[in-house]
Amino acid sequence: MPTETLVPWHQSLSLGATHLDSLFGKDGTDIQVAAWGQIIGGSPEDQQSATWDLASAFVTQRAGPLVFQLGRQVISGGAARYRRMDGVLVRANGPVGLRLSGYAGWTALPRWDQWYGYHDLGANYDSWKQPNAYPLYADRSQNTMGGFLLDWHDDDIGTLGVSFHGQAERDSIESRNLGANFALTHFENVSLTGDAIFSLEQQRLADVRFSGLWDAYRKGDVGVSLLGEFLHTVPSALLSQASIFSVFSFGELTEAGGELITRLPLGFTISGAGYAQTYNEGSPGARVRGEVRFASDKEETVMARVQAQRVSLETNGYWVLRLAARYRFLPSWSLAADAYRYAYDQAVDGRTESTFGSTHLVYEPKAPWDARVGATLAESPYASLDAQCMARLALHWDRSVR
């Protein structure tokens, strides 16, 4: 196979202004814009050498108990989980801790660098699968979404909420989900959280998550905490029902387990975790993890971590050993290193082990910029040798008045 050398350059830009005066009031307007771009030197002729996209661009207007948000924005939480849309969102704060959010708009679809229409695996597949085929753009008016989130919050008790999210893809139903969530903080040293999503299309629970954290003992920096978690998910119910991938996705997964975290004197933390998994088809699985972590001070001038993990799956299992360290040898300079070693129960493409290592030198001055150089080296069943170098320069402009 021919060897190709590519030089990718990634850029990101975000601009924001808050508490601006406008025709609608004083200090009531915010503006946010975020974009990213990529230029690939040495890109083959049949592939794009440059691409970019607008991540967000919206205006926020506050008017008493109401907040209006217009433009490209992210809808997160509740039945929506994480969605991007071009539209309007309205939030209202009501009496006795009630809050209501409603939104509607067009789905923010993949743009200049991507191929829309992955669900067109029928008549269009032969043209869509070609790397130099013309992108299949969609009619924006056929891709819409809308929903609401109603919750109640009390500082002494916590939060209770219900939500709905509906989305159409090419004028057909992609998903209609009901959601419920809670976070209870009433109990001393104990916090409980949970959320669930019910798929109206499949008439079943698509995702259920519960977690509880108990600070059993705490005195200064020393303490013992116990975390318990439960997950039941049906990935096909969370995918677009207009997509063929919702048929081929694996079935139900149930996982339960917890973690014991012990914070000791002199900056040491020892933790152990164990989770059991069951599938609706096939044998059960499990994962176990143990870790020892050291931090020299609150600023973590010196940090070291040793972690061992065992994962058992239906088709294979593996061990993982991780070693990581970071040292801030000057106020603005730090050096970090990370290494993983995988050992498989059964060979994958003839290999029973994989190794990954990275190191980074970081410069973070008290200035509107920072720099990083690094390198990674890996060997795996998919590459006998993978070596990469990275150099990053980040520029930050903050003109806010503090």
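Residues numbered from 1 in each chain as written. Predicted model: local features only at pLDDT ≥ 70, side-chain atom pairs only at ≥ 80, totals over all residues. Heavy atoms only, no water.

So, about the pairing of strand 14 (residues 268-279). Pairing of strand 13 (residues 253-263) with strand 14, which is carried by eleven bridges, proceeds in the antiparallel orientation. Bridge pairing links E255 to Q277 in strand 14. The antiparallel pairing of strand 13 with strand 14 creates a hairpin that spans four residues between the two strands, and L266 there sits at a positive phi of about 65 degrees. Here strand 14 pairs with strand 15 (residues 285-295) via ten bridges, running antiparallel. By the bridge assignment, Y275 is partnered in strand 15 with R287. (Pairing = 2+ DSSP bridges. Helix = DSSP H or I, 4+ residues; strand = E, 2+ residues; numbered from the N terminus.)

Scored by pLDDT, the chain has a mean of 85; 85% of the residues are at 70 or more. Considering only residues more than four positions removed or in separate chains, one finds that residues 112-125, a stretch of pLDDT under 50, has 43 contacts. Across residues 131-136, where pLDDT falls below 50, the model places twelve contacts with residues more than four positions away in sequence or in other chains. (pLDDT = per-residue confidence, 0-100. Contact = heavy atoms within 4.5 Å.)

Right, let's talk about unusual backbone geometry for a bit. Phi is positive for H19, which is not a glycine, with a value near 55 degrees. Following the sequence through the fold, H19 ends up in strand 1 (residues 7-22).

Along the chain, G194 turns up in strand 10 (residues 190-199). For G194, a relative accessible area of 7% gives the class buried. Spatially, the C-alpha atom of G194 lies 6.3 Å from that of S211, the residues being 17 residues apart in sequence. Beyond its immediate chain neighbours, meaning those up to four positions away, G194 contacts A180, N181, F182, R209 and F210. (Buried < 20%, exposed > 50% of the residue type's maximum accessible area, 1.4 Å probe, protein only.)

Attention now goes to the packing of aromatic side chains. Scanning the model with the defined rule gives eleven aromatic pairs in all. Seen in terms of ring centroids, Y340 and F356 are 6.2 Å apart; in terms of plane orientation they differ by 50 degrees. Their pairing is tilted. Pair noted here: Y340 is in strand 18 (residues 333-348) and F356 is in strand 19 (residues 351-363), with a separation of 16 residues, a long-range link. Of the residues examined, F356 reaches a relative accessible area of 30% and is grouped as partly exposed. (Phe/Tyr/Trp six-rings, centres within 6.5 Å; stacked < 30°, edge-to-face > 60°.)

This brings us to the side chain of S332. By secondary structure assignment, the location of S332 is in the loop between strand 17 (317-330) and strand 18. Leaving out residues up to four positions away in the same chain, S332 has contacts with V362, Y363, E364 and P365.

On to the nonpolar core. By size, the foremost hydrophobic cluster in this structure holds six residues: I75, A80, M85, L89, Y103 and M145. Beyond its immediate chain neighbours, meaning those up to four positions away, I75 contacts A80, R81, Y82, R83, M85, L89 and Y103. (Core = buried A, V, L, I, M, F, W, Y, C linked by side-chain atoms within 4.5 Å.)

In this section: the pairing of strand 6 (residues 98-107). Pairing analysis gives nine bridges linking strand 5 (residues 81-93) to strand 6, with the strands arranged antiparallel. Residue pairing for strand 6: A92 is matched across the bridge by L100. Linkage of strand 5 to strand 6, two consecutive antiparallel strands, is achieved through a turn of four residues, within which V96 is found at a positive phi near 50 degrees. Relative to strand 7 (residues 144-154), strand 6 is paired through nine bridges, and the arrangement is antiparallel. The residue bridging W106 from the neighbouring strand is T144, located in strand 7.

This paragraph deals with a nonpolar patch on the surface. A cluster of nonpolar side chains, L264, L266, F268, I270, V292, V306, L321 and L323, forms an exposed patch at the surface whose accessible area comes to about 690 Å². Within the residue set of the nonpolar patch, elements represented by two or more residues are strand 14 and strand 17. Within the fold, V292 resides in strand 15. Classification of V292 by relative accessible area gives partly exposed; the value is 38%. (Patch = residues over 30% accessible without salt bridge, like charges linked within 9 Å, V, L, I, M, F, W, Y side chains within 5 Å. Areas by Shrake-Rupley, 256 points an atom, 1.4 Å probe, with all protein chains shown as cover. Salt bridge = Lys/Arg side-chain N within 4 Å of Asp/Glu carboxyl O.)

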